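Spelled out from the first residue to the last, the chains are:
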Amino acid sequence: MNKGNNREAIFPLYAYSGPTDGTYRIDGETFSVGEDFRTRARFAEYRRAGFNILLFQGNDPYCGEEWESSQTKLNLDNAESEGLEAIIFDKRLTDLCFKEKIIGDRQNFADFDELVSFAENCVKDYRKHPAFYGLQLRDEPPCAFLNSIGYVYRAIKKVIPEAFVQVNLLPMNKSAIKSFPETKDGTVESRYTAYLERFLDETGADYILYDNYPFLNENGHKYIRPDHFAGFITAEKVVKQRNISFYFVAQTCSMNLNGKTKMRKPSEGDMFWQINVLLGFGIRQIAYFTYWRKQVNSSCGEFFPDDGSTFISQNGTKNPIYDVMAKLHEKLQKFAPTYFRFSFEKCGTFVKSERLKEYVPELSTKMTAISDILLLSGDGLFVSELKAEDGSFMYSFVNVNDPDESANETVKFGFSVNGDYEKENIFVIDDGKACFSEDNRYELNAGRGIFIILQQKEGKTDLC
């Protein structure tokens, strides 16, 4: 993959909590399953799930130890042997991102040049390894730390311009609003916009990446996060204005919080729902949380049940989602050369019920190459418009009903094509459960999506 080219026709895919050393912690006590899974065979298994990047995290850091005998070099060697690239966790650089100030009087570095020299020394051993892809800095940083993160980010890019420097930002949740800059109106949307802009200004990054896990279960009440779509729409405004890429971390685990259920185990339909929605918003890179069952757990905080919700269980056993996502990733890569021709323009929704309005905003949007969209039956259609440089459009249609709670709720719809355009092709990236007809009438089950390309008729010019 070309690290600096977001038009690359290979979808970058990776996951948090890759193959582990076989240990895990509960309430501070360490346990072991008796096997180290950081092997070539387990990396090959990870690759067969459709991933092309390995993310090493704080459970597997590099601290500047003797390089040739280090676990990081062994990890990179095994990754290379299986056709994987890797994102390194260098603790010396990551630790700097947990400080509010690192440059200036009585700080870690007198000036930026001194930080660059430090970064150059940190990366000297692994930067030329064939499997090296980039570095992870910090997960979900509050805005108070973005200045330090920005300096570290720029220092790494000055030393290795082609490296991917990963910073996963906070989502637009009201619970995190104190971590965003203050704004005049004080709304979560404006403060989140200011947070994203602060990150971009400090780092000079050419992407936004954040996580948000939509499938919740609180006291038996299963539902989709009310801020999920709102976060996409807010972030897309910044992405479009800055002409940058949009990356995302999707949910592949369950979680209890403070002894109570919080995130539900994603179903097959949930995964189709997530990926179809992400593609509708023009996402350029997808990561997952998590691949292996997360190693660190607290019964009084975040606890990740070993319930088969992840790709791989704690003891190394494959879970059903592994095969589901391996097939989906294969179709995603086949779609990638076509998909990467298009960039997100705008979106609209068709929602009537109060249940759907809890998490899907009402958006009445006029599309460019489609003159009319008609909801024939059902409720909960998400439509997005993506545009290519040649003037053609791709329209994403997704049934955004909750697959776990509304599996049988189909949406039937039709549309009329603007006279300047004609249908070129149709794609589905799930298991093809969409009904097609010759008169632009379609039916989608909950979570299912369809992508339709409309090209300009010969002799017509771009009217947009």
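Residues numbered from 1 in each chain as written. Predicted model: local features only at pLDDT ≥ 70, side-chain atom pairs only at ≥ 80, totals over all residues. Heavy atoms only, no water.

On to the confidence of the model for the chain, then. Summary statistics for the chain give a mean pLDDT of 94 and a share of 95% for residues scoring 70 or more. Note that residues 2–7 has pLDDT below 50 and, in this model, 16 contacts with residues that lie over four places away or in other chains. (pLDDT = per-residue confidence, 0-100. Contact = heavy atoms within 4.5 Å.)

For the rest of this paragraph, the subject is the pairing of strand β11 (residues 245–251). Among the 7 residues that make up β11, 7 are buried, leaving the element largely enclosed by the rest of the structure. As judged from the 5 bridges shared by strand β8 (residues 207–211) and β11, these two strands associate in the parallel manner. Within β11, the residue paired with Asp-211 across the bridge is Val-249. With 5 bridges connecting them, β11 and strand β14 (residues 285–289) associate as parallel partners. Paired with Val-249 across the bridge in β14 is Ala-287. (Buried < 20%, exposed > 50% of the residue type's maximum accessible area, 1.4 Å probe, protein only. Helix = DSSP H or I, 4+ residues; strand = E, 2+ residues; numbered from the N terminus. Pairing = 2+ DSSP bridges.)

Bringing the sheet that holds strand β2 (residues 23–26) into the picture now. The strand order across the open sheet formed by 3 strands is β3-β2-β15, and the pairing between neighbours is mixed. Looking at the sheet topology across the chains shown, the edges are occupied by β3 (29–32) and β15 (296–297). Pairing of β2 with β15 involves 2 bridges; the strand directions are parallel. Bridged to Arg-25 within β15 is Val-296.

Below, the discussion takes up the sheet that holds strand β4 (residues 53–55). Within the open sheet, the 4 strands sit side by side as β4-β5-β6-β7. Their pairing is parallel. Lying at the two open borders of the sheet, with one neighbouring strand each, are β4 and β7 (164–168). In this sheet, neighbouring strand axes are inclined to one another by 25° on average, regardless of whether the strands run parallel or antiparallel. Inspection of the sheet shows β4 paired to strand β5 (residues 85–88) by 3 bridges, in the parallel sense. If you follow Ile-53 over to β5, its bridge partner there is Glu-85. Where helix α5 (residues 146–159) meets the sheet, its contacts fall on β6 (132–139) and β7, and the angle it forms with β6 comes to roughly 175°. (Axes fitted to C-alpha atoms, helices over the stretch in contact; angles between N-to-C directions.)

How two aromatic rings sit relative to each other is given by the distance of their centres and the angle of their planes. Enumeration according to the criterion identifies 52 aromatic pairs in this entry. Considering the side-chain rings of Phe-415 and Tyr-442, the 5.9 Å spacing of their centres and the 10° angle between planes classify their relative orientation as stacked. Here the residue Phe-415 occupies a position in strand β21 (residues 411–417), and Tyr-442 occupies one in strand β24 (residues 441–444), the gap between them amounting to 27 residues. Across the pair, Tyr-442 and Phe-415 agree in class, each one buried. The aromatic ring of Phe-145 is capped on one face by Arg-138, whose charged end is 4.4 Å from the ring centroid. Seen from the ring of Phe-303, Arg-293 lies directly overhead, with NZ or CZ sitting 5.4 Å from the centre. (Phe/Tyr/Trp six-rings, centres within 6.5 Å; stacked < 30°, edge-to-face > 60°. Lys NZ or Arg CZ within 6 Å of the ring centre and 35° of its normal.)

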